[in-house]
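Here is how the chains run, residue by residue.
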Amino acid sequence: MELIDSHCHLYLSDFAEDIDEVILRATTAGVGRFYLPAIDRGSEAVMLDLESRYPGLCYAMQGLHPCSVKGDFALALKHVEHSLSSRKFVAIGETGLDFYWDMTFEKEQYLAFRQQVEWALHYDLPVVIHSRESIDQTIAVIREYQKGNLRGVFHCFNESEDFARQIIDLGFHMGVGGTLTYKKSNLPAVIKNIGLENIILETDAPYLPPVPFRGKRNESSYLIYIVKKLAEILDLTEEEVAKQTTAHSLQVFQKNKV
Ligand SMILES: [Zn+2]
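Residues numbered from 1 in each chain as written. Predicted model: local features only at pLDDT ≥ 70, side-chain atom pairs only at ≥ 80, totals over all residues. Heavy atoms only, no water.

Side note on the coordination of the zinc ion
Ideal geometry at a metal centre gives angles of 109.5 degrees when four donors are arranged tetrahedrally and 90 or 180 degrees when six donors are arranged octahedrally. Convention followed: Sodium, potassium and calcium take a 3.2 Å donor cutoff, other metals 2.8 Å, and in both cases only N, O and S atoms count; water is not among them, so sites may look incomplete. Helix numbering and strand numbering both begin at the N terminus, where a helix is a DSSP run of H or I of at least 4 residues and a strand a DSSP run of E of at least 2. Throughout, exposure labels follow a simple rule: accessible area from a 1.4 Å probe, protein chains only, divided by the maximum for the residue type, with under 20% read as buried, over 50% as exposed, and the rest as partly exposed.
For the zinc ion, the protein coordination sphere consists of His7 (NE2), His9 (NE2) and Glu94 (OE), at 2.1 Å. Here the donor residues of the zinc ion are spaced in sequence according to H-x1-H-x84-E. Residue His9 is located in the loop between strand E1 (3-5) and helix H1 (19-28), and its partner Glu94 is located in strand E4 (residues 92-98); the two are separated by 85 residues in the primary sequence. For the pair His9 and Glu94, one class covers both residues: buried.

Right, dumping it as structure tokens:
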């Protein structure tokens, strides 16, 4: 069984003490690739270092997280632009709109998001989207730019079936992780109806650990709990879930290599 953790922040200080063991546990559990979403310049050096220590396993993205969009966002984007022109990345992200924490920089968030979507088109890279309290607005931006060439993921998807169908119609994928296992989640019901279509796996480690690890640090080896839950919801084997979601991930992230 080969799995892909399409969204994990393994370079954060939560993993500073034991990252090699974390990766070993995950590879032992079948995780063959780790896609590392960027947040901002502050954590970039550690991310790139992790990627170079694990070639063929860890893949870095480049981007500016909506929660890192502040007054100095133009400068931060300049750095992203320069970095994108200097070397290869697996995706642009994470980017998007987050109106949950703070609306102060709403206008700037839009500017940064649009700019990053334009770079995704320019470099023919997937765009990894973070959307919180903003699914309508985020989908609207993607719809504007989708002329058939844009691809990407709504990471940590946790919305209604209607939004899932809109995302599928746009040719986009949905990253599903720990929230699928939460008691209050509506996601199992949504997935029961849409199936594995355009679904990929993610942990968002160290955040959002699945049951039974709530309150603890999340890590990529826990991806297996998402596989089990999907298999249970859809009455499929775990192997079938792994096969389909891994194929979807490769379709999004390695389009030009497979
Ligand atoms: Zn993230």
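Focus: unusual backbone geometry
Here Ala205 and Pro206 are connected by a cis peptide whose omega angle stands at 10°. Of note, Pro206 is situated in the loop between strand E8 (199-201) and helix H8 (223-234). In this structure, Pro212 follows Val211 across a cis peptide bond, with omega equal to 10°. As for its placement among the helices and strands, Pro212 is situated in the loop between E8 and H8. Phi is positive for Asp124, which is not a glycine, with a value near 55°. Note that Asp124 resides in the loop between helix H4 (106-123) and strand E5 (127-132). Even without glycine at this site, Cys156 takes up a positive phi of about 50°. Looking at where Cys156 falls in the secondary structure, it is placed in the loop between strand E6 (152-154) and helix H6 (161-169). Cys156 sits in the partly exposed class, given a relative accessible area of 23%.

Quick word on the packing of aromatic side chains
We count it as follows: Between 30 and 60 degrees the pair is tilted, below 30 it is stacked and above 60 it is edge-to-face, where a pair is any two Phe, Tyr or Trp rings, Trp via its six-membered ring, whose centres lie within 6.5 Å.
All told, the structure shown has eight aromatic pairs when counted by the stated rule. Pairing Tyr100 with Trp101 gives two aromatic rings, centres 4.8 Å apart and planes at 85°, and the pair type is edge-to-face. Pairing Phe213 with Tyr222 gives two aromatic rings, centres 3.8 Å apart and planes at 5°, and the pair type is stacked. Classification of Tyr222 by relative accessible area gives buried; the value is 15%. Grouped by ring-pair contacts, the aromatic residues Tyr35, Tyr59 and Phe253 constitute a single cluster.

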